[in-house]
Amino acid sequence: MERERQQKLEEEEEIKSLRKELIPKAQLMPYFDRPFVPRRSEKQPTVPREPKFCIPRHKTIKCCRMSCNDMSGPSQLQHLPSSIEKAEALYKNRILQ
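Residues numbered from 1 in each chain as written. Predicted model: local features only at pLDDT ≥ 70, side-chain atom pairs only at ≥ 80, totals over all residues. Heavy atoms only, no water.

(A) View of the overall build of the protein. In terms of regular secondary structure, the protein is built from 2 helices and 0 strands. Residues classed as buried in the protein amount to 1% of the 97 residues present. Summed over all atoms, the accessible surface of the protein reaches about 11,300 Å², with 56% contributed by carbon and sulfur. (Helix = DSSP H or I, 4+ residues; strand = E, 2+ residues; numbered from the N terminus. Buried < 20%, exposed > 50% of the residue type's maximum accessible area, 1.4 Å probe, protein only. Areas by Shrake-Rupley, 256 points an atom, 1.4 Å probe, with all protein chains shown as cover.)

Structure (structure tokens):
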């Protein structure tokens, strides 16, 4: 019991000393009498790149495992209406439950 009290008192004293150290102190005002001259950066400018419009294969949805190059015409998109209907049916079932 006494050890616990002593430990608790020591912890409280440590906390008090830490709080005293954390008191915010005023910072010096910057000197405005001499002008500020920014230095030019030594880094090279960035090189623009073409954006990647194709979704990587590992990030696609299982039902839509076609890349941008595979979609040559409207015949490739015939599976989409059925998947939309399935998604709507699942959504309605969740709402009704």
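(B) Layout of a negative patch on the surface. On the surface, Glu 10, Glu 11, Glu 12, Glu 13 and Glu 14 cluster together into a patch of negative charge. Here Glu 11 is to be found in helix 1 (residues 2–21). When its relative accessible area of 49% is taken as the criterion, Glu 11 is described as partly exposed. (Patch = residues over 30% accessible without salt bridge, like charges linked within 9 Å, V, L, I, M, F, W, Y side chains within 5 Å. Salt bridge = Lys/Arg side-chain N within 4 Å of Asp/Glu carboxyl O. Lys, Arg positive; Asp, Glu negative; His and termini not counted. Charge placed at Lys NZ, Arg CZ, Asp CG, Glu CD.)

(C) Broad picture of helix 1. Spanning 20 residues, helix 1 covers 29 Å between terminal C-alpha atoms, matching the ideal 28 Å at 1.5 Å per step. Burial analysis of helix 1 places just 0 of its 20 residues in the buried class, which makes it a mostly uncovered element. (Expected span 1.5 Å × (residues − 1).)

Bear in mind that shape data such as this cannot, by itself, settle questions of function.
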